[in-house]
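Fold and contact review
These are the residues of each chain, in order.
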There are 2 protein chains.
Amino acid sequence: MNYFSSDFKLGILGGGQLGKMLLSDTRKFDIQTYVLDPSDEAPCKIACDHFFKGDLMNFETVYNFGKLVDVLTFEIELVNLEALAKLEEEGLKVYPSPKTLKLIQNKGIQKDFYIQHSIPTANYKRFPNLKSVVVDILDSKLKLPFVWKCTEFGYDGNGVKVIRQISDLDNLANVECIAEEMIPFKNELAVIVCRNPSGDIKTYPVVEMEFHPEANQVEYVICPARIDDKVSEKARAIALTVSEKFNHVGLLAVEMFQTEDDEIIVNEVAPRPHNSGHYSIEASYTSQFENHLRAILNLPLGKTDSKVAGIMVNLVGESGFSGNVIYENIEKILGWDGVTPHIYGKKQTRPFRKMGHVTIINENISEARRIAEDVKNTIRVISDKLNN
Amino acid sequence: MNYFSSDFKLGILGGGQLGKMLLSDTRKFDIQTYVLDPSDEAPCKIACDHFFKGDLMNFETVYNFGKLVDVLTFEIELVNLEALAKLEEEGLKVYPSPKTLKLIQNKGIQKDFYIQHSIPTANYKRFPNLKSVVVDILDSKLKLPFVWKCTEFGYDGNGVKVIRQISDLDNLANVECIAEEMIPFKNELAVIVCRNPSGDIKTYPVVEMEFHPEANQVEYVICPARIDDKVSEKARAIALTVSEKFNHVGLLAVEMFQTEDDEIIVNEVAPRPHNSGHYSIEASYTSQFENHLRAILNLPLGKTDSKVAGIMVNLVGESGFSGNVIYENIEKILGWDGVTPHIYGKKQTRPFRKMGHVTIINENISEARRIAEDVKNTIRVISDKLNN
């Protein structure tokens with residue numbers, strides 16, 4: 001197959017920042033791209049060859065879009081599965097496969113899958129709605145505290161909440177959900193696995209999510225994780241097993257916990273480029289985006305080793321600001337060695353909206369961590385207007 | 001000045017591969033771009049915000065385009081200087097300045113400039129046309145052999161020829177030119193300097209152009225150059241002097257010869273991202289394109305050190321093939337560690353047309369060199385049709 005400067009067409013469902021960073025590599029290889037997204041202001045609108053506006057959950061829209069391309073992928077899981085399944089049935093290459101996506105899209109099904117394949121994961125119980133969770137607590141069938149997760153449509157911390165008392169359930173949506181045992185953990189880790197249809201498979205190094213000690217929010221994604229080699233090896237091995245069981249093509253980001261006893265248990269997966277792999281653009285021999293592209297086109301996978309240590313800091317909209325975005329002090333952080341901001345192209349900021357990220361690379365991981373903290377304390381995503 | 005996700009507009013004259021690689025960084029920072037190019041099939045047509053088709057040498061076209069933007073730069077020197085000068089006069093930020101470009105665009109003026117500023121360069125003589133060169137040879141005022149260069153519109157080896165006998169002048173254009181003394185040299189080197197309007201200045205490491213032993217064509221650009229540290233330091237110092245004398249803003253690629261006596265003499269310069277800096281996308285902390293952007297926006301310059309050794313191989317159209325391009329064996333080279341092809345997006349190949357390049361990175365420069373040779377011997381830029 002001739003992909004380069006040819007008539008070949010790659011379709012991407014979703015036109016957000018992940019797609020935008022993927023387009024950087026389709027451009028590098030001059031691969032023709034078609035993008036579908038509901039928003040006229042999608043970050044992918046420029047840099048793709050053809051942009052289509054439409055609903056990713058609508059069967060007809062996704063099906064008709066798929067008919068235009070030779071290979072179809074997605075940068076967001078919330079897409080119409082039935083359309084993907086029909087397209088695949090009709091012979092279109094859809095990567096990752098809708099069969100894989102079906103096992104992942106719903107967190108209840110995903111958890112059942114881990115149990116079925118003896119993949120270590122936290123204990124859980126599935127519930128059809130919030131009401132039945134309350135009933136179980138009152139009947140003492142469910143012990144507090146636990147982690148509540150809605151099974152679908154959750155993202156970026158939405159749809160996940162620690163429940164310590166019944167009143168913590170107030171204001172949660174009355175939807176299908178799971179209650180998961182709270183696991184005390186030392187570290188939250190992630191491993192990105194890439195795999196092509198020929199079965200070539202590679203893992204990226206283990207990364208570590210460092211949390212803010214008080215706010216309990218991920219502040220830094222650090223590569224390599226500052227953990228024991230044995231724990232790293234175990235995490236990579238488990239990630240490989242998860243990938244094999246899902247039989248996925250493309251990238252699979254496997255999020256895991258390292259328990260107090262150095263056990264590794266799987267939290268959840270994402271079948272696409274992932275926030276925990278953004279550091280790879282600057283730090284790795286091959287970025288996660290290029291490897292996603294190589295994988296879905298059944299090209300050989302690129303080397304996943306790092307050239308230098310990499311740390312990523314998310315840029316989210318500052319609380320209290322909504323409106324035209326201003327990246328305060330961005331000139332300042334650009335003056336520091338190895339600091340690269342990525343601006344996703346959203347013109348409007350809102351509190352906690354993901355607006356970009358900053359990568360810090362350095363030969364020395366401690367030095368990178370020091371600069372990352374300075375970056376975090378210096379740049380602010382604000383706007384020309386304070387919230388009412 | 002707020003450049004990021006704002007109303008700020010950057011104009012780029014020329015929409016070729018250099019512009020395309022620059023757009024990769026304007027996208028990363030979400031800086032709005034306007035591009036002018038004569039071709040509807042320019043590699044920059046997608047990924048810029050607004051594309052305009054027009055003649056870069058036409059005063060009105062360039063002037064009117066310049067009126068639309070806040071900062072204007074170019075990725076090709078062959079642009080209408082008068083329009084740039086008028087725009088600058090009227091207050092537009094044009095980087096590099098037309099004053100600098102004027103000293104570079106014509107090779108005769110460029111050579112005079114070196115002499116005037118005591119910058120070491122090969123001896124030369126300026127001629128208004130080819131006929132007067134012949135007269136000088138016949139009058140024994142000009143000794144054979146020498147290097148003929150047309151003063152304007154030469155590029156990629158066009159417009160340069162070694163003259164060993166009068167008949168070598170046959171078929172050369174009867175245009176303004178220079179005759180330059182042939183300098184026996186050990187190495188052809190280059191240093192890229194970047195400088196912003198505040199006067200921040202940084203040099204990239206010295207790179208070495210390795211020639212094919214028989215064909216006398218550059219085969220590999222190697223970073224760092226495999227030369228003595230003292231020679232490297234001298235080359236960087238001379239490049240800095242050249243940059244200061246030109247008082248340029250943006251990038252300046254300084255091509256130099258290392259003579260048999262380890263003297264450094266300046267060959268020529270280019271006031272823009274340059275083929276000799278393409279390795280920087282993968283190998284450097286900050287690519288030449290990002291640093292060009294930082295420089296012309298008066299942002300702090302990024303670190304120019306390398307993370308790993310880098311070697312670049314140009315991809316040019318194979319002799320004998322014209323038509324729809326095919327990159328033969330590209331899947332094969334993608335299977336080797338640290339190998340990244342860049343495909344410029346030209347759909348049609350022609351003999352010797354620059355179609356792309358491949359970067360090879362490795363911790364070990366000898367290993368990189370070995371892989372580069374394999375790349376060179378493996379990939380071929382052909383087409384579905386043989387030439388008549």
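Each remark here, short or long, concerns the structure printed above.
Keep in mind that what you see is a predicted model, and the values were worked out from it rather than measured. Residue positions are counted from 1 within each chain, in the order its sequence is given. In the order they appear in the text, chains get letters beginning with A and ligands get numbers beginning with 1. Residue-level local features of this predicted model are given only where pLDDT is at least 70; pairs of side-chain atoms are given and counted only at 80 or more, and the full residue set underlies all totals for whole chains, interfaces and linings. Side-chain metrics rest on all non-hydrogen atoms present in the structure, leaving aside hydrogens and water.

A look at the overall build of chain A
Note the cut-off: Secondary structure elements follow DSSP: runs of H or I of four or more residues count as helices, runs of E of two or more count as strands, with numbering from the N terminus. Put simply, the radius of gyration uses C-alpha atoms, and a globule should come to 2.2 Å times the residue count raised to 0.38. When checking whether two residues touch, look at their non-hydrogen atoms; a contact exists if any pair is within 4.5 Å. Every accessible area reported is derived by Shrake-Rupley at a probe size of 1.4 Å, with residue values counting cover from the shown protein chains alone. The charge count includes Lys and Arg as positive and Asp and Glu as negative, but it does not include His or the ends of the chains. A single reference atom marks each charge: NZ on Lys, CZ on Arg, CG on Asp, CD on Glu.
The helix and strand tally for chain A stands at 11 helices and 21 strands. For chain A, whose C-alpha radius of gyration is 21 Å, the value lies close to the compact-globule estimate of 21 Å for 388 residues. Restricting to contacts in chain A with at least 6 residues of sequence separation, those with at least 24 account for 62%. With an accessible surface of roughly 15,700 Å², chain A has 47% of that area assigned to carbon and sulfur atoms. Of note, chain A has its 44 positive side-chain charges centred 2 Å away from the centre of its 54 negative side-chain charges.

Quick word on the relation of the copies chain A and chain B
Copy one and copy two of the chain differ by a rotation about a common axis and a shift along it. The condition is simple: Each copy is superposed on the other by least squares, with the fit set by C-alpha atoms of residues at a pLDDT of at least 70 in both.
Each copy superposes on the other: chain A lies on chain B with an RMSD of 0.0 Å after a rotation of 180 degrees and an axial shift of 0.0 Å. Overall, the copies show the geometry of a two-fold rotation axis. Ranked by how close their C-alpha atoms come to the rotation axis, the residues of chain A are headed by A47 of chain A, at 1.9 Å. The fraction of interface residues of chain A whose copies in chain B are also interface residues reaches 100%, indicating that both copies meet through the same surface.

Quick word on the packing of aromatic side chains
Condition: Aromatic rings from Phe, Tyr and Trp, with only the six-membered ring used for Trp, were paired whenever their centres fell within 6.5 Å, and each pair was classed as stacked if the ring planes differed by under 30 degrees, edge-to-face if by over 60, and tilted otherwise. Buried residues are those whose accessible area, probed at 1.4 Å on protein chains only, stays under 20% of the maximum for their type, while exposed residues exceed 50% and partly exposed ones sit between those limits. Note on geometry: a ring has a charge over it if NZ (lysine) or CZ (arginine) is within 6 Å of the ring centre and within 35 degrees of the ring normal.
Applying the stated criterion to the full structure yields 20 aromatic pairs over all chains. A centroid spacing of 5.8 Å and a plane angle of 5 degrees characterise the contact between F59 of chain A and Y63 of chain A, whose relative ring orientation is stacked. Placement of the pair is F59 of chain A and Y63 of chain A together in helix α2 (residues 59-66), with a separation of 4 residues, close to one helical turn. Under the relative-accessibility criterion, F59 of chain A is labelled partly exposed at 27%. Consider the rings of Y114 of chain B and F246 of chain B, whose centres lie 6.1 Å apart with planes at 80 degrees: the pair is edge-to-face. In this pair, Y114 of chain B is assigned in helix α5 (residues 107-116) and F246 of chain B in helix α7 (residues 229-246), connecting sequence segments 132 residues apart. There is no split in this pair, since Y114 of chain B and F246 of chain B are both buried. The aromatic ring of Y285 of chain A is capped on one face by K303 of chain A, whose charged end is 4.0 Å from the ring centroid.

A word on the pattern of salt bridges
Operational definition: Here, a salt bridge means any Lys or Arg side-chain nitrogen found within 4 Å of an Asp or Glu carboxyl oxygen.
Under the definition given, this model contains 54 salt bridges over all chains. Across the pair E77 of chain A and R272 of chain A runs a salt bridge, and its minimum N-O distance is 2.8 Å. Residue E77 of chain A is found in the loop between β4 (71-74) and α3 (81-89), and its partner R272 of chain A is found in the loop between β15 (264-270) and α8 (280-283); the two are separated by 195 residues along the sequence. For the pair formed by E77 of chain A and R272 of chain A, the shared burial category is buried. The shortest N-O distance in the salt bridge between D136 of chain B and K125 of chain B comes to 2.6 Å. Here D136 of chain B, found in helix α6 (residues 130-138), pairs with K125 of chain B, found in strand β6 (residues 124-127); they are 11 residues apart in sequence, far enough to count as distant. Residue D136 of chain B is classed as buried on the basis of its relative accessible area of 8%. Ionic contacts of the salt-bridge type, sharing partners, join the residues K107, K111, K149, E180 and E268 of chain A into one network.

Concerning the environment of M1 of chain B
Looking at the element boundaries, M1 of chain B is found in the segment before β1 (9-13). For the pair M1 of chain B and L299 of chain B, spaced 298 residues apart in the sequence, the C-alpha separation amounts to 10.0 Å. With residues near it in sequence (within four places) discarded, M1 of chain B still touches E331 of chain A together with F8 of chain B.

Some words on the environment of F211 of chain B
Residues and elements named next belong to chain B. On the secondary structure map, F211 appears in strand β12 (residues 207-211). Taking relative accessible area as the criterion, F211 reaches 23% and is therefore assigned partly exposed. C-alpha separation for the pair F211 and E188, spaced 23 residues apart in sequence, amounts to 8.7 Å.

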